[in-house]
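A structural walkthrough
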Amino acid sequence: MLIVACIKQVPDTTQVQIDPVTNTLVREGIPFIVNPYDTHALEEALRLKDRFGCTVVAISMGPPNAEATLRKALALGADRAILLSDRVFGGADTLATSHVLSAAINKLHTEVDEVGLVLCGKQTIDGDTAQVGPGIASRLGYQQLTLVGHIENLDLSAKRIRVSRKLEGRHEIVEAPLPAMLTVVRELNRPRYPKVPMRLAAIEATVELWDNQTLKLNEQKIGLKGSPTWVSKIFSPERVQGEILGDGYADPEGTAKLLIEKLLAKDMLPI
Amino acid sequence: MTPNPSIFTPLLIASLAVFAWGCWKRLSLIMLGAPENRFDSVGIRIGQMLKYAFGQKRVLAKPFGLNHFVIFWSFLILLVANTEFILNGMFPQSIKLVKLPFEIYVPLAFMIDIASLLALVAVCIATVRRIVSPPYPEARSLDAFFILGLIATLMLAAFGLNATELAAIMIRSNSDPVSFLSVAAQIMPVSARIAGLLPPAHLGIIHAGAWWAHAFALLTFISYLPHSKHMHILTAIPNCFFRRLEKPNTQPREEFVIGNSFGVASVDRYSWKDLLDSFSCTECGRCQNVCPASITGKPLNPRAVVHDIKVNLLENGSLLKRGERPLTPLIGEGGEGSISEESIWGCTTCGACMEACPVFIEQMPKIIRMRRHLVETEARFPEELLNLFENMEGRSNPWGIAPSERTKWCAHIETRPFEKDTTEYLFYVGCAGSFDSRSKHVSTAVALLLDKAGVSWGILGKDEKCCGDSVRRLGNEYVFDKLARENVALFAAKGVKKVITQCPHCFSTLKNDYRQYGLELEVIHHSELLRNLVQDGRLNPGTKTAEFGNMVFHDSCYLGRHNDVYDAPREVIKAATGSAPLEMERSRDNAFCCGAGGGRMWMEEHTGERININRVNEAIKQQPDTICVACPYCLTMFEDGLKDVKTEGVRVRDVAEVMAEAVLR
Ligand SMILES: Cc1cc2nc3c(=O)[nH]c(=O)nc-3n(C[C@H](O)[C@H](O)[C@@H](O)COP(=O)(O)OP(=O)(O)OC[C@H]3O[C@@H](n4cnc5c(N)ncnc54)[C@H](O)[C@@H]3O)c2cc1C
Ligand code: SF4
Ligand code: SF4
């Protein structure tokens, strides 16, 4: 059985700044990271591999340099890594992205082995739409289990999965037949740290490249052409200049008092 | 009658065989270790061996060291007497020291007699000490008492032998006992006095008894030696010869290519010198008595680490020789022969153990190599470290703060970028100095002082990366290697030659570790630079003693023990305050760690007393108004510790802050 982990390369948003003049993201020199939620999706796939011996395939759609992201997956223990990259995939919104990803998963299913689970992050830290996972599920007709915080049970012979969904203030236990698509939250697990011998092996390993020659998708349904939404403007809301109330280092107690008074005055302390 | 070669010779051969077998077994085990070159600078090495093995310089540094010195040198002298005894046992009457020319024989016999007495006294003192107040509780071992007993037996038997022989000569020559013994006492003062007490009728039986007692004690000693901790008699001397000549403040590089293994999880991955170390341990316990982890009740004990490596080697050696898997894991539950992970993670890499060890055993590097195995091969480490490792790799700082924030500390002062060919000093601010809200004050103080003194300096700003100290000491050599290569390339591209650091960890790493990457920098710790600036008259502190009150200084391990900088911070304090700082009980090379080194800064301390509390309590004994430090980690550890011991009115300041208060007001 295959477990597919969808991982996206995202800019390290804590380091992204918005150009105040052009209102666009300043991406130069910003390192790319694996979307943090996706590291948890990959980790869960690897844990299931450790327990049940499934094969883990990591896939990512992105520009050629997204290969680095997939090498990280290999270093952590993924069996295969596939980069979905082609000029015609570029500029995709969530609709077009999930179209390409689901086509790739379907190809794995028909040509390699039965896909049991697709694991996605809850959302990305750059696009933040949380739509790609569900988009994949609906295209492939998979069960859709979002916001998974814990896998309660996976029964491979009965082909059923029971998970706990982490919702605001409550947990929901749901059960579904396989194949299923899960989007995962950070509470699910603690990602492992790569071992050096595997990192070194991953540097030499092959990341397979699937372009549209491989997937043969209708160009009207992918990339910019297949994307009804586009980002027209990005800007950061203007911030009012703050006010220095006191010197907490010189007078910690007095400054704390001052702060409490201010917060109380604005009714921002729940008393 | 007495020496019977037909009994003695086979016994001697048997015990020599047991001795040789024991030595050979150990030597062949040592040879299992990986190669390491310790054959350079032979002249210096011989000098070191004479000073430390024969001169016992480090042994003498502690009480009871003199006692050991006496036993050691008595043994060397008594080698002559014992060789005579053995030859005489095989070929009775043929070989005798008496047959030597009179001028040689007399002083020799005198020395032997006195050495025997001194050894006997020293052995008695050692026995009483081990019973009354042993260096550590387990030192009351059967092994130790057995050997002490054997040595005492040897000495007593030797006196018995010499005394009966003197008495026999006296009787044979019909001499007047008083005059004979008074002459004899000039040659063998002790034996002659004993001779006067012996009953003439029983001389034969006493002599026979003494001879055989001596023979058995000697042969037992010979056979037992290589199988006990007393093997160090043979190995400590070469161990001093093969000691690491430079300070053990760095770890060797690893080569990251496929097929290599990383770190040590099996004794044969250590170098032959590491294995020789394990057979050279005298089990004196000096290392554990200075180890901050041992003292505060953690499972780490550097003596036990060395001992466990030896036991593991003895247990697994024959399997390893056959290329089979070892039975006892080196990293395991912590029983004899195994070292627990908690021990391995407990080390602050303070170096106190290595500074104390009389025979130059390198405990700390062995611990780091086990950490390397855990981190690099097993990816198993305390969970607090996961974030640290990822932050270091992803954002080049321990907290994972965006590199663009590196310059926030200097937002309100005038700073400048380091310019190739124009700026003299790179001020390498360091992660703590850039991001830690308390340490930022120190960075500011340093910057203002540099400006005041008119030093040409600049910073790398957002291009500065962590030096990698913590990850290297934590065994994450892979990430260290990445950081080091990036930094070295950056420094080379920027033409950096001189660097100021305000953190002993950056200081030591840039200065010592980066040399392995071919980068020779002139690195100066801010305390040294400030001292120089005062000496050159470029900073004028005046005298303002009162404002600082009592000031006690804490030595940082990576400044002091690892780099021998003890005086500079003290001189800065003296210049700034008008008086030398107060000293804690444990200071300079004997200083006690704050608990943050070796990456412990980023880990929880679950077991025993907290190390920083122990040190804070020691500092408070001096009733200071200010505790002065020269390291951002020490600063944090002392400020945290002071909060916990609830002392009012004691503040912690970096030397730069002290100087700034004196100069900039
Ligand atoms: C600032 C910004 C705003 C955007 N806003 C919109 C918008 O409003 N509407 C819109 O349609 N598009 C939008 N896009 C484009 C959108 O990000 C991408 O087109 C789409 O590929 C992924 O959507 P997402 O990043 O929100 O993913 P999400 O739906 O948040 O991602 C969920 C999970 O799906 C998987 N996944 C997502 N993308 C990939 C991939 N490329 N490869 C592998 N796995 C993946 C991951 O497991 C991920 O955790 C925006 C992009 C940016 C940078
Ligand atoms: S380096 Fe310090 S903490 Fe580590 S074993 Fe030696 S004395 Fe103990
Ligand atoms: S390692 Fe050195 S200091 Fe420690 S017990 Fe052995 S000989 Fe003594």
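Because the structure is a prediction, the values reported are computed rather than measured.

Residue and element names in this part refer to chain B. As far as domains go, chain B holds domain 1 (5-241), domain 2 (267-377) and domain 3 (387-664). Centre-to-centre separation of domain 1 and domain 2, based on C-alpha positions: 32 Å. If you look at the interface, domain 1 gives 27 residues, while domain 2 gives 35 residues. Buried surface at the junction of domain 1 and domain 2, both sides included, amounts to about 2,900 Å², of which 57% is carbon and sulfur. When the area that domain 1 buries against domain 2 is broken down by residue, the three leading residues are Arg-58, Tyr-136 and Asn-239, summing to 25%. In this structure, the connection of domain 1 to domain 2 is made through two salt bridges. For the salt bridge of Glu-138 with Arg-303, the shortest nitrogen-to-oxygen distance reads 3.5 Å. Joining domain 1 to domain 2, the criterion identifies 19 residue pairs in polar contact (both at pLDDT 80 or more). Mapped by element, the contributors of at least two residues to the side of domain 1 that touches domain 2 are α1 (5-30) and α9 (232-241). Residue composition of the side of domain 1 that touches domain 2, grouped by class: 13 nonpolar, six polar and eight charged.

Attention now moves to the packing of aromatic side chains. Residues and elements named next belong to chain B. Throughout the structure, instances matching the rule amount to 27 aromatic pairs over all chains. Each ring, one from Phe-146 and one from Tyr-224, has its centre 5.0 Å from the other, and the planes form 85 degrees; the classification is edge-to-face. With a gap of 78 residues between them, Phe-146 in helix α5 (residues 142-172) and Tyr-224 in helix α8 (residues 203-224) connect regions that are remote in the sequence. Residue class for Phe-146 comes out partly exposed when judged on its relative accessible area of 39%. Tyr-224 gets classed as partly exposed once you look at its relative accessible area, which sits at 25%. Of the aromatic side chains, those joined through ring pairs into one cluster are Phe-8, Phe-85, Trp-211, Trp-212 and Phe-216. The residue whose ring lies beneath Arg-253 is Tyr-517, and the NZ or CZ to ring-centre distance is 3.7 Å.

This paragraph deals with the sheet that holds strand β8 (residues 626-629) of chain B. Residues and elements named next belong to chain B. Pairing is parallel across the open sheet formed by three strands, whose spatial order is β7-β8-β9. Each of the sheet's edge strands pairs with one partner strand only, and the pair in question is β7 (551-553) and β9 (651-654). For this sheet the average axis-to-axis angle between neighbouring strands, irrespective of direction, equals 30 degrees. Bridge count between β7 and β8: three bridges; the pairing is parallel. Bridging across to β8, Val-552 finds its partner in Ile-627.

Turning our attention to the site of ligand 3. Every one of the 13 residues lining ligand 3 counts as a neighbour, but B:Cys281, B:Cys284, B:Gly285, B:Cys287 and B:Cys357 are closest to it. Residues that form the shell around ligand 3 fall into these classes: seven nonpolar, three polar and three charged.

Residue and element names in this part refer to chain A. Spatial ordering of the open sheet is given by β11-β10-β9-β12-β8-β1-β6-β7-β13, a layout of nine strands whose pairing is mixed. Of all the strands in the sheet, the pair left with one neighbour each is β11 (170-177) and β13 (208-210). On average, each strand axis in the sheet is inclined to that of its neighbour by 35 degrees, with strand direction left out of account. Here strand β7 (residues 80-84) pairs with β13 via three bridges, running parallel. Bridge pairing in β13 links Ile-82 to Glu-208. Those strands touched by helix α1 (residues 36-52) are β1 (2-6), β6 (55-61), β8 (115-121), β9 (143-155) and β12 (180-184), and its axis lies near 150 degrees from that of β8. Its contacts with the sheet place helix α2 (residues 67-76) against β6 and β7, and it is angled at close to 165 degrees to β7.

Analysis parameters
Residues numbered from 1 in each chain as written. Chains lettered and ligands numbered in written order. Predicted model: local features only at pLDDT ≥ 70, side-chain atom pairs only at ≥ 80, totals over all residues. Heavy atoms only, no water. Domains from an automatic or database assignment. Contact = heavy atoms within 4.5 Å. Buried area = accessible area lost by both parts, 1.4 Å probe. Salt bridge = Lys/Arg side-chain N within 4 Å of Asp/Glu carboxyl O. Polar contact = N/O pair within 3.5 Å; in protein donor to acceptor, adjacent residues only side chain to side chain. Helix = DSSP H or I, 4+ residues; strand = E, 2+ residues; numbered from the N terminus. Nonpolar A, V, L, I, M, F, W, Y, C, P; charged D, E, K, R; others polar. Phe/Tyr/Trp six-rings, centres within 6.5 Å; stacked < 30°, edge-to-face > 60°. Buried < 20%, exposed > 50% of the residue type's maximum accessible area, 1.4 Å probe, protein only. Lys NZ or Arg CZ within 6 Å of the ring centre and 35° of its normal. Pairing = 2+ DSSP bridges. Axes fitted to C-alpha atoms, helices over the stretch in contact; angles between N-to-C directions. Near = heavy atom within 4 Å.

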